[in-house]
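# Structure assessment
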There are 2 protein chains.
Amino acid sequence: MYMLYSKSSEYVVRALVYLAMKDNADFIMVKEISEHTEIPQPFLSKIFQDISRAKWITSKKGKNGGVKLAVNPAKLKLLDVISYFDGMQDYSRCMFGHKECGVSSKCALHNKCSDLKNEIYDFLNSTTIADFTSIWKKENKVSLKELKIF
Amino acid sequence: MYMLYSKSSEYVVRALVYLAMKDNADFIMVKEISEHTEIPQPFLSKIFQDISRAKWITSKKGKNGGVKLAVNPAKLKLLDVISYFDGMQDYSRCMFGHKECGVSSKCALHNKCSDLKNEIYDFLNSTTIADFTSIWKKENKVSLKELKIF
DNA sequence: ATAGTTTCAGATAAAAAGGTCTTAATATCT
DNA sequence: AGATATTAAGACCTTTTTATCTGAAACTAT
Ligand code: FES
Ligand code: FES
(Lines give C-alpha, C1' and ligand atoms only; values in the text may rest on other atoms or scores of the structure.)
(Ligands and ions follow the chains in the order given, each with its own letter.)
Protein backbone atom coordinates (compact mmCIF):
# COMPACT_ATOMS: atom_id res chain seq x y z
CA MET A 1 0.00 0.00 0.00
CA TYR A 2 1.34 3.35 -0.97
CA MET A 3 0.23 6.67 0.27
CA LEU A 4 2.09 9.91 0.63
CA TYR A 5 4.41 8.95 3.45
CA SER A 6 5.95 6.09 5.38
CA LYS A 7 4.43 4.17 8.22
CA SER A 8 6.78 5.95 10.60
CA SER A 9 5.39 9.29 9.48
CA GLU A 10 1.84 8.15 9.88
CA TYR A 11 2.58 6.81 13.34
CA VAL A 12 4.32 9.91 14.53
CA VAL A 13 1.49 12.12 13.35
CA ARG A 14 -0.96 9.95 15.24
CA ALA A 15 1.16 10.00 18.36
CA LEU A 16 1.75 13.74 18.22
CA VAL A 17 -1.96 14.40 17.79
CA TYR A 18 -2.61 12.27 20.85
CA LEU A 19 -0.10 14.29 22.83
CA ALA A 20 -1.50 17.56 21.55
CA MET A 21 -4.89 16.56 22.87
CA LYS A 22 -3.67 15.97 26.39
CA ASP A 23 -2.85 18.41 29.13
CA ASN A 24 0.78 19.18 28.50
CA ALA A 25 1.64 19.58 32.18
CA ASP A 26 2.41 15.93 32.85
CA PHE A 27 4.68 13.50 31.13
CA ILE A 28 2.79 10.73 29.40
CA MET A 29 4.02 7.17 29.24
CA VAL A 30 4.88 5.72 25.88
CA LYS A 31 2.86 2.69 26.87
CA GLU A 32 -0.30 4.73 27.26
CA ILE A 33 0.20 6.41 23.90
CA SER A 34 0.95 3.08 22.30
CA GLU A 35 -2.30 1.60 23.57
CA HIS A 36 -4.48 4.49 22.53
CA THR A 37 -2.97 4.97 19.10
CA GLU A 38 -2.45 1.28 18.35
CA ILE A 39 1.18 1.71 17.49
CA PRO A 40 3.52 -1.13 18.53
CA GLN A 41 5.19 0.07 21.70
CA PRO A 42 8.83 -0.73 20.89
CA PHE A 43 8.45 0.94 17.54
CA LEU A 44 6.85 3.98 19.08
CA SER A 45 9.69 4.25 21.60
CA LYS A 46 12.10 4.34 18.75
CA ILE A 47 10.15 7.02 16.94
CA PHE A 48 10.03 9.13 20.08
CA GLN A 49 13.77 8.80 20.44
CA ASP A 50 14.04 10.24 16.95
CA ILE A 51 11.78 13.22 17.50
CA SER A 52 13.30 13.77 20.87
CA ARG A 53 16.54 14.50 19.06
CA ALA A 54 14.60 16.89 16.86
CA LYS A 55 13.42 18.55 20.10
CA TRP A 56 9.74 18.18 19.28
CA ILE A 57 9.24 16.39 22.57
CA THR A 58 11.03 16.21 25.87
CA SER A 59 11.23 12.98 27.80
CA LYS A 60 11.84 11.99 31.35
CA LYS A 61 13.06 8.65 32.60
CA GLY A 62 11.92 6.91 35.74
CA LYS A 63 8.78 7.12 37.80
CA ASN A 64 6.25 9.67 36.55
CA GLY A 65 8.36 9.85 33.45
CA GLY A 66 7.24 9.76 29.86
CA VAL A 67 7.14 12.15 26.98
CA LYS A 68 5.68 15.61 26.53
CA LEU A 69 5.40 18.05 23.67
CA ALA A 70 8.19 20.60 23.54
CA VAL A 71 6.82 22.62 20.67
CA ASN A 72 3.52 24.24 19.93
CA PRO A 73 1.53 21.69 17.88
CA ALA A 74 0.12 24.58 15.88
CA LYS A 75 3.64 25.13 14.57
CA LEU A 76 4.32 21.51 13.64
CA LYS A 77 3.47 21.18 9.97
CA LEU A 78 2.75 17.79 8.46
CA LEU A 79 5.28 18.55 5.75
CA ASP A 80 8.02 18.97 8.35
CA VAL A 81 7.09 15.80 10.17
CA ILE A 82 7.00 13.78 6.97
CA SER A 83 10.17 15.31 5.57
CA TYR A 84 11.94 14.50 8.80
CA PHE A 85 11.25 10.80 8.41
CA ASP A 86 10.99 10.30 4.69
CA GLY A 87 13.14 13.06 3.32
CA MET A 88 11.91 15.91 1.19
CA GLN A 89 10.06 14.97 -1.96
CA ASP A 90 10.72 16.54 -5.30
CA TYR A 91 7.34 18.01 -6.07
CA SER A 92 8.48 19.41 -9.39
CA ARG A 93 9.29 16.01 -10.81
CA CYS A 94 6.80 14.31 -13.11
CA MET A 95 4.85 11.84 -11.00
CA PHE A 96 5.72 9.05 -13.38
CA GLY A 97 9.25 10.10 -14.16
CA HIS A 98 8.72 10.90 -17.82
CA LYS A 99 11.72 13.11 -18.19
CA GLU A 100 10.94 14.36 -21.67
CA CYS A 101 7.78 16.00 -20.43
CA GLY A 102 7.99 19.65 -19.59
CA VAL A 103 11.39 20.25 -21.15
CA SER A 104 10.60 21.45 -24.65
CA SER A 105 6.93 20.49 -24.59
CA LYS A 106 4.36 19.22 -22.17
CA CYS A 107 2.15 16.16 -22.14
CA ALA A 108 -1.57 16.75 -22.20
CA LEU A 109 -1.74 16.03 -18.49
CA HIS A 110 1.11 18.20 -17.37
CA ASN A 111 -1.05 20.87 -15.81
CA LYS A 112 -3.42 18.38 -14.26
CA CYS A 113 -0.48 16.56 -12.68
CA SER A 114 0.99 19.80 -11.40
CA ASP A 115 -2.31 20.82 -9.89
CA LEU A 116 -2.60 17.55 -8.01
CA LYS A 117 0.95 17.74 -6.74
CA ASN A 118 0.37 21.31 -5.64
CA GLU A 119 -2.74 20.35 -3.75
CA ILE A 120 -0.92 17.57 -1.96
CA TYR A 121 1.93 19.93 -1.16
CA ASP A 122 -0.37 22.68 0.04
CA PHE A 123 -2.28 20.31 2.25
CA LEU A 124 0.86 19.01 3.92
CA ASN A 125 2.38 22.46 4.14
CA SER A 126 -0.65 24.23 5.56
CA THR A 127 -1.82 21.59 8.00
CA THR A 128 -0.45 21.31 11.50
CA ILE A 129 -0.75 18.73 14.22
CA ALA A 130 -3.04 21.07 16.09
CA ASP A 131 -5.48 21.14 13.19
CA PHE A 132 -6.47 17.56 13.87
CA THR A 133 -7.38 18.11 17.47
CA SER A 134 -10.17 20.65 17.38
CA ILE A 135 -13.35 18.61 17.17
CA TRP A 136 -11.99 15.74 19.18
CA LYS A 137 -11.21 18.18 21.96
CA LYS A 138 -14.79 19.36 22.03
CA GLU A 139 -15.94 15.76 22.34
CA ASN A 140 -13.65 15.40 25.30
CA LYS A 141 -15.14 18.56 26.79
CA VAL A 142 -11.81 20.34 26.70
CA SER A 143 -11.06 23.22 24.39
CA LEU A 144 -7.67 24.17 23.06
CA LYS A 145 -7.70 27.39 25.06
CA GLU A 146 -8.67 25.67 28.29
CA LEU A 147 -5.57 23.57 27.98
CA LYS A 148 -3.33 26.63 27.87
CA ILE A 149 -0.43 24.82 26.33
CA PHE A 150 2.27 27.32 25.41
CA MET B 1 10.51 8.88 -0.88
CA TYR B 2 6.81 8.20 -0.91
CA MET B 3 4.38 8.96 -3.61
CA LEU B 4 1.10 7.35 -4.45
CA TYR B 5 2.41 4.08 -5.82
CA SER B 6 5.38 1.74 -5.95
CA LYS B 7 8.37 1.99 -8.24
CA SER B 8 6.99 -0.95 -10.23
CA SER B 9 3.81 0.98 -10.91
CA GLU B 10 5.71 4.07 -11.95
CA TYR B 11 7.91 2.03 -14.25
CA VAL B 12 5.07 0.17 -15.88
CA VAL B 13 3.22 3.38 -16.59
CA ARG B 14 6.32 4.82 -18.21
CA ALA B 15 6.87 1.69 -20.27
CA LEU B 16 3.25 1.46 -21.35
CA VAL B 17 3.22 5.09 -22.40
CA TYR B 18 6.31 4.43 -24.48
CA LEU B 19 4.60 1.49 -26.15
CA ALA B 20 1.43 3.49 -26.72
CA MET B 21 3.46 6.08 -28.58
CA LYS B 22 4.90 3.60 -31.03
CA ASP B 23 3.39 2.00 -34.08
CA ASN B 24 1.71 -1.06 -32.64
CA ALA B 25 2.36 -3.21 -35.72
CA ASP B 26 5.79 -4.44 -34.68
CA PHE B 27 7.04 -6.07 -31.54
CA ILE B 28 9.43 -3.87 -29.63
CA MET B 29 12.42 -5.19 -27.76
CA VAL B 30 12.50 -4.84 -24.01
CA LYS B 31 16.03 -3.56 -24.39
CA GLU B 32 14.91 -0.64 -26.52
CA ILE B 33 12.17 0.26 -24.05
CA SER B 34 14.59 -0.07 -21.18
CA GLU B 35 17.01 2.35 -22.77
CA HIS B 36 14.43 4.98 -23.67
CA THR B 37 12.58 4.87 -20.37
CA GLU B 38 15.66 4.43 -18.17
CA ILE B 39 14.26 1.42 -16.42
CA PRO B 40 16.75 -1.33 -15.51
CA GLN B 41 16.30 -3.97 -18.18
CA PRO B 42 16.07 -7.09 -15.99
CA PHE B 43 13.53 -5.38 -13.82
CA LEU B 44 11.53 -4.25 -16.81
CA SER B 45 11.52 -7.80 -18.18
CA LYS B 46 10.04 -8.95 -14.94
CA ILE B 47 7.36 -6.30 -15.01
CA PHE B 48 6.46 -7.21 -18.57
CA GLN B 49 6.11 -10.82 -17.56
CA ASP B 50 3.60 -9.68 -14.98
CA ILE B 51 1.49 -7.56 -17.28
CA SER B 52 1.75 -10.20 -19.96
CA ARG B 53 -0.14 -12.49 -17.60
CA ALA B 54 -2.68 -9.72 -17.21
CA LYS B 55 -2.93 -9.67 -21.03
CA TRP B 56 -2.10 -6.01 -21.35
CA ILE B 57 0.71 -6.89 -23.71
CA THR B 58 1.57 -9.81 -25.92
CA SER B 59 5.15 -10.94 -26.33
CA LYS B 60 7.10 -12.89 -28.86
CA LYS B 61 10.36 -14.71 -28.30
CA GLY B 62 13.20 -14.97 -30.75
CA LYS B 63 14.34 -12.81 -33.62
CA ASN B 64 12.10 -9.83 -34.34
CA GLY B 65 10.45 -10.59 -31.04
CA GLY B 66 9.58 -8.23 -28.26
CA VAL B 67 6.47 -6.87 -26.64
CA LYS B 68 3.41 -5.14 -28.02
CA LEU B 69 0.28 -3.62 -26.54
CA ALA B 70 -2.68 -5.99 -26.48
CA VAL B 71 -5.21 -3.52 -25.16
CA ASN B 72 -6.28 -0.06 -26.19
CA PRO B 73 -4.18 2.35 -24.08
CA ALA B 74 -7.21 4.59 -23.87
CA LYS B 75 -8.85 1.88 -21.79
CA LEU B 76 -5.94 1.33 -19.42
CA LYS B 77 -6.64 3.44 -16.36
CA LEU B 78 -3.84 4.44 -14.02
CA LEU B 79 -5.92 3.16 -11.14
CA ASP B 80 -6.03 -0.31 -12.68
CA VAL B 81 -2.33 -0.37 -13.37
CA ILE B 82 -1.46 0.77 -9.89
CA SER B 83 -3.97 -1.55 -8.22
CA TYR B 84 -2.53 -4.44 -10.16
CA PHE B 85 0.92 -3.93 -8.66
CA ASP B 86 0.25 -2.35 -5.30
CA GLY B 87 -3.17 -3.66 -4.44
CA MET B 88 -6.26 -1.50 -4.06
CA GLN B 89 -5.97 1.29 -1.56
CA ASP B 90 -8.61 2.04 0.98
CA TYR B 91 -9.52 5.58 0.05
CA SER B 92 -12.10 5.85 2.79
CA ARG B 93 -9.58 5.33 5.56
CA CYS B 94 -8.25 8.37 7.42
CA MET B 95 -4.90 9.20 5.88
CA PHE B 96 -3.24 9.06 9.26
CA GLY B 97 -5.18 6.17 10.68
CA HIS B 98 -6.97 8.07 13.40
CA LYS B 99 -9.73 5.60 13.87
CA GLU B 100 -11.86 7.70 16.19
CA CYS B 101 -12.33 10.29 13.48
CA GLY B 102 -15.50 10.04 11.44
CA VAL B 103 -17.22 7.53 13.68
CA SER B 104 -19.30 9.67 16.00
CA SER B 105 -17.67 12.97 15.15
CA LYS B 106 -15.18 14.37 12.71
CA CYS B 107 -11.91 16.15 13.10
CA ALA B 108 -11.71 19.68 11.76
CA LEU B 109 -9.83 18.41 8.74
CA HIS B 110 -12.07 15.51 7.85
CA ASN B 111 -13.61 17.13 4.82
CA LYS B 112 -10.34 18.57 3.62
CA CYS B 113 -8.76 15.13 3.86
CA SER B 114 -11.63 13.53 2.02
CA ASP B 115 -11.42 16.11 -0.73
CA LEU B 116 -7.74 15.44 -1.25
CA LYS B 117 -8.24 11.70 -1.30
CA ASN B 118 -11.06 12.09 -3.77
CA GLU B 119 -8.96 14.20 -6.07
CA ILE B 120 -6.20 11.64 -6.03
CA TYR B 121 -8.69 8.89 -6.68
CA ASP B 122 -10.42 10.78 -9.47
CA PHE B 123 -7.12 11.57 -11.14
CA LEU B 124 -6.03 7.95 -11.13
CA ASN B 125 -9.46 6.71 -12.09
CA SER B 126 -10.04 9.12 -14.95
CA THR B 127 -6.58 9.13 -16.48
CA THR B 128 -5.48 6.51 -18.99
CA ILE B 129 -2.15 5.58 -20.52
CA ALA B 130 -3.27 7.20 -23.76
CA ASP B 131 -3.76 10.53 -22.02
CA PHE B 132 -0.03 10.94 -21.60
CA THR B 133 0.83 10.48 -25.24
CA SER B 134 -0.94 13.31 -26.99
CA ILE B 135 1.53 16.15 -27.07
CA TRP B 136 4.57 13.94 -27.29
CA LYS B 137 3.10 12.39 -30.39
CA LYS B 138 2.86 15.79 -32.03
CA GLU B 139 6.51 16.42 -31.29
CA ASN B 140 7.35 13.17 -33.01
CA LYS B 141 5.30 14.27 -36.01
CA VAL B 142 2.93 11.37 -35.60
CA SER B 143 -0.67 11.79 -34.52
CA LEU B 144 -2.73 9.28 -32.61
CA LYS B 145 -5.02 8.80 -35.60
CA GLU B 146 -2.18 8.25 -38.02
CA LEU B 147 -1.05 5.36 -35.90
CA LYS B 148 -4.38 3.60 -36.21
CA ILE B 149 -3.89 1.47 -33.17
CA PHE B 150 -7.08 -0.41 -32.45
C1' DA C 1 20.82 4.18 49.91
C1' DT C 2 17.55 1.13 47.71
C1' DA C 3 13.93 -0.58 44.96
C1' DG C 4 10.98 0.15 41.37
C1' DT C 5 9.78 2.42 37.13
C1' DT C 6 10.46 4.17 32.62
C1' DT C 7 13.04 6.07 28.82
C1' DC C 8 17.59 5.67 26.07
C1' DA C 9 20.54 3.53 22.92
C1' DG C 10 21.93 0.40 20.03
C1' DA C 11 21.80 -4.31 18.28
C1' DT C 12 19.14 -7.39 15.99
C1' DA C 13 15.47 -9.57 13.29
C1' DA C 14 11.77 -9.98 10.03
C1' DA C 15 9.35 -8.45 6.04
C1' DA C 16 8.79 -5.98 1.87
C1' DA C 17 10.52 -3.68 -2.09
C1' DG C 18 13.74 -3.17 -5.58
C1' DG C 19 16.96 -5.16 -8.60
C1' DT C 20 19.99 -8.95 -10.91
C1' DC C 21 21.26 -13.29 -12.94
C1' DT C 22 20.99 -17.72 -15.14
C1' DT C 23 18.87 -21.21 -17.70
C1' DA C 24 15.19 -22.68 -20.60
C1' DA C 25 12.01 -22.10 -24.25
C1' DT C 26 10.76 -20.22 -28.59
C1' DA C 27 11.11 -17.94 -32.84
C1' DT C 28 13.66 -16.49 -37.10
C1' DC C 29 17.10 -16.59 -40.56
C1' DT C 30 20.37 -18.88 -43.39
C1' DA D 1 19.21 -28.52 -39.16
C1' DG D 2 21.89 -25.18 -36.92
C1' DA D 3 23.06 -20.65 -35.31
C1' DT D 4 21.36 -16.67 -33.31
C1' DA D 5 18.23 -13.62 -31.08
C1' DT D 6 14.92 -12.66 -27.68
C1' DT D 7 11.48 -13.31 -24.04
C1' DA D 8 9.87 -16.56 -19.98
C1' DA D 9 10.48 -18.15 -15.61
C1' DG D 10 12.11 -18.35 -11.42
C1' DA D 11 15.84 -18.24 -8.21
C1' DC D 12 18.65 -15.13 -5.99
C1' DC D 13 20.67 -10.91 -4.00
C1' DT D 14 20.52 -6.10 -1.89
C1' DT D 15 18.50 -2.34 0.31
C1' DT D 16 15.00 -0.18 2.86
C1' DT D 17 11.35 -0.31 5.98
C1' DT D 18 9.14 -2.07 9.86
C1' DA D 19 9.41 -4.16 14.21
C1' DT D 20 11.53 -6.28 18.48
C1' DC D 21 14.72 -7.12 22.14
C1' DT D 22 18.07 -6.25 25.79
C1' DG D 23 20.82 -3.93 28.98
C1' DA D 24 21.99 0.51 30.74
C1' DA D 25 20.87 5.02 32.52
C1' DA D 26 18.01 8.15 34.96
C1' DC D 27 14.48 9.51 37.91
C1' DT D 28 11.20 9.02 41.99
C1' DA D 29 9.54 7.59 46.18
C1' DT D 30 10.30 5.49 50.25
S1 FES E 1 4.30 13.04 -18.42
FE2 FES E 1 4.23 13.54 -16.31
S3 FES E 1 3.47 15.56 -16.35
FE4 FES E 1 3.65 15.09 -18.47
S1 FES F 1 -8.27 12.56 11.74
FE2 FES F 1 -8.05 11.86 9.69
S3 FES F 1 -9.74 12.74 8.71
FE4 FES F 1 -10.05 13.32 10.78
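Reference entry: report on the structure contained in this document. (Residues numbered from 1 in each chain as written. Chains lettered and ligands numbered in written order. Predicted model: local features only at pLDDT ≥ 70, side-chain atom pairs only at ≥ 80, totals over all residues. Heavy atoms only, no water.)

### A closer look at the interface of chain B and chain A
At the junction of the two partners, chain B supplies 46 residues and chain A supplies 46 residues. At the junction of chain B and chain A, the tally comes to four salt bridges. Secondary structure elements with two or more residues in the side of chain B that touches chain A: helix 1 (7-21), helix 4 (78-86), helix 5 (110-126) and helix 6 (134-139) of chain B. With eight residues, helix 5 of chain B is the single largest residue contributor to the side of chain B that touches chain A. Of the residues contributing to the side of chain B that touches chain A, the split by class is 22 nonpolar, eleven polar and 13 charged. (Contact = heavy atoms within 4.5 Å. Salt bridge = Lys/Arg side-chain N within 4 Å of Asp/Glu carboxyl O. Helix = DSSP H or I, 4+ residues; strand = E, 2+ residues; numbered from the N terminus. Nonpolar A, V, L, I, M, F, W, Y, C, P; charged D, E, K, R; others polar.)

### Observations concerning the protein's contact with DNA strand D
Neighbouring DNA strand D are 24 residues, the closest being Lys 7 and Pro 40 of chain A together with Val 30, Gln 49 and Ser 59 of chain B. Of everything in DNA strand D that lies within 4 Å of the protein, sugar and phosphate atoms constitute 72%. A distance of 3.2 Å is found between a phosphate oxygen of DNA strand D and a side-chain nitrogen or oxygen belonging to Asn 64 of chain A. Separating a base oxygen of DNA strand D from a backbone N or O atom of Gly 62 of chain B is a distance of 3.1 Å. When the residues that make up the surface near DNA strand D are grouped by side-chain class, the tally is seven nonpolar, eight polar and nine charged. (Near = heavy atom within 4 Å. Polar contact = N/O pair within 3.5 Å; in protein donor to acceptor, adjacent residues only side chain to side chain.)

### Section: helix 1 (residues 7-20) of chain A
For helix 1 of chain A, built from 14 residues, the straight-helix expectation of 20 Å at 1.5 Å per residue is met to within 8% by its first-to-last C-alpha distance of 20 Å. The buried count for helix 1 of chain A comes to 13 of 14 residues, which makes it a mostly enclosed element. (Expected span 1.5 Å × (residues − 1). Buried < 20%, exposed > 50% of the residue type's maximum accessible area, 1.4 Å probe, protein only.)

### So, the protein's contact with DNA strand C
Looking at DNA strand C, there are 23 residues lining it, with Val 30, Gln 49 and Ser 59 of chain A together with Pro 40 and Lys 46 of chain B nearest. Within 4 Å of the protein, the contacting atoms of DNA strand C are drawn from sugar and phosphate to the extent of 72%. Lys 61 of chain A places a side-chain nitrogen or oxygen 3.3 Å from a sugar or linking oxygen of DNA strand C. The separation between a base oxygen of DNA strand C and a polar main-chain atom of Gly 62 of chain A is 3.2 Å. Mapped by element, the contributors of at least two residues to the surface near DNA strand C are helix 3 (41-53) and strand 1 (57-60) of chain A together with helix 1 and helix 3 (41-53) of chain B. Here the element with the most residues in the surface near DNA strand C is helix 3 of chain B; it accounts for three residues. Of the residues in the surface near DNA strand C, the class split is seven nonpolar, seven polar and nine charged.

### Structural notes on the packing of helix 4 of chain B against helix 5 of chain B
Two quantities define a packed helix pair, namely the angle between the helix axes and the distance between the axes. Residues and elements named next belong to chain B. One can describe the packing of helix 4 onto helix 5 by two numbers: an axis separation of 5 Å at closest approach and a directional angle of 100 degrees. When the axis of helix 4 is compared with that of helix 5, the two are roughly perpendicular. Two secondary-structure elements touch here, helix 4 through Leu 78, Leu 79 and Ile 82 and helix 5 through Tyr 121, Phe 123, Leu 124 and Asn 125. Residue classes in the contact of helix 4 with helix 5 are distributed as six nonpolar, one polar and no charged. (Axes fitted to C-alpha atoms, helices over the stretch in contact; angles between N-to-C directions. Parallel < 35°, antiparallel > 145°, perpendicular 65-115°, else oblique.)

### So, the packing of helix 1 of chain A against helix 3 of chain A
Residue and element names in this part refer to chain A. Relative orientation of the contacting elements helix 1 and helix 3 amounts to 80 degrees, with a least axis distance of 10 Å. By the criterion of interaxial angle, the relationship of helix 1 to helix 3 is roughly perpendicular. Facing Ser 8, Tyr 11, Val 12, Ala 15, Leu 16 and Leu 19 of helix 1, the residues of helix 3 in contact are Phe 43, Leu 44, Ile 47, Phe 48 and Ile 51. Counted by class, the contact of helix 1 with helix 3 contains ten nonpolar, one polar and no charged residues.

### Quick look at the relation of the copies chain B and chain A
In the superposition of chain B on chain A (RMSD 0.1 Å, axial shift 0.0 Å), the rotation amounts to 180 degrees. With respect to symmetry, the two chain copies, as superposed, fit the operation of a two-fold axis. Of all interface residues in chain B, 100% are interface residues in chain A too; the two copies therefore contact each other through one and the same surface. (Least-squares fit on C-alpha atoms with pLDDT ≥ 70 in both.)

### Some points on the side chain of Glu 10 of chain B
On the secondary structure map, Glu 10 of chain B appears in helix 1. For Glu 10 of chain B, a relative accessible area of 6% gives the class buried. Within polar-contact distance, the side chain of Glu 10 of chain B engages the side chain of Arg 93 of chain A at 2.6 Å. Non-local contacts of Glu 10 of chain B, meaning those with residues more than four positions away in its chain, are made with Arg 93, Met 95, Phe 96 and Gly 97 of chain A together with Tyr 5 of chain B.

### Concerning the packing of aromatic side chains
The description of an aromatic ring pair uses the distance of the two centres, along with the angle that the planes make with each other. Taken as a whole and judged by the stated rule, the model has twelve aromatic pairs over all chains. Pairing Tyr 91 of chain A with Tyr 121 of chain A gives two aromatic rings, centres 5.2 Å apart and planes at 75 degrees, and the pair type is edge-to-face. A residue pair is termed long-range when its members are at least 10 positions apart, and Tyr 91 of chain A in the loop between helix 4 (78-86) and helix 5 (110-126) and Tyr 121 of chain A in helix 5 qualify at 30 residues. Residue Tyr 91 of chain A is classed as buried on the basis of its relative accessible area, which comes to 17%. Relative to Phe 96 of chain B, the ring of Phe 132 of chain A has its centre 5.4 Å away and its plane inclined at 75 degrees; by these criteria the two rings are edge-to-face. Separated into two different chains, Phe 132 of chain A in the loop between helix 5 and helix 6 (134-139) and Phe 96 of chain B in the loop between helix 4 and helix 5 make up a pair that spans both. Residue classification places Phe 96 of chain B among the buried positions, given a relative accessible area of 0%. Chaining the aromatic ring pairs together yields one cluster made of Tyr 5 and Phe 132 of chain A together with Phe 96 of chain B. The lysine or arginine in question, Lys 68 of chain A, covers the ring of Phe 27 of chain A, its NZ or CZ lying 4.5 Å from the ring centre. (Phe/Tyr/Trp six-rings, centres within 6.5 Å; stacked < 30°, edge-to-face > 60°. Lys NZ or Arg CZ within 6 Å of the ring centre and 35° of its normal.)

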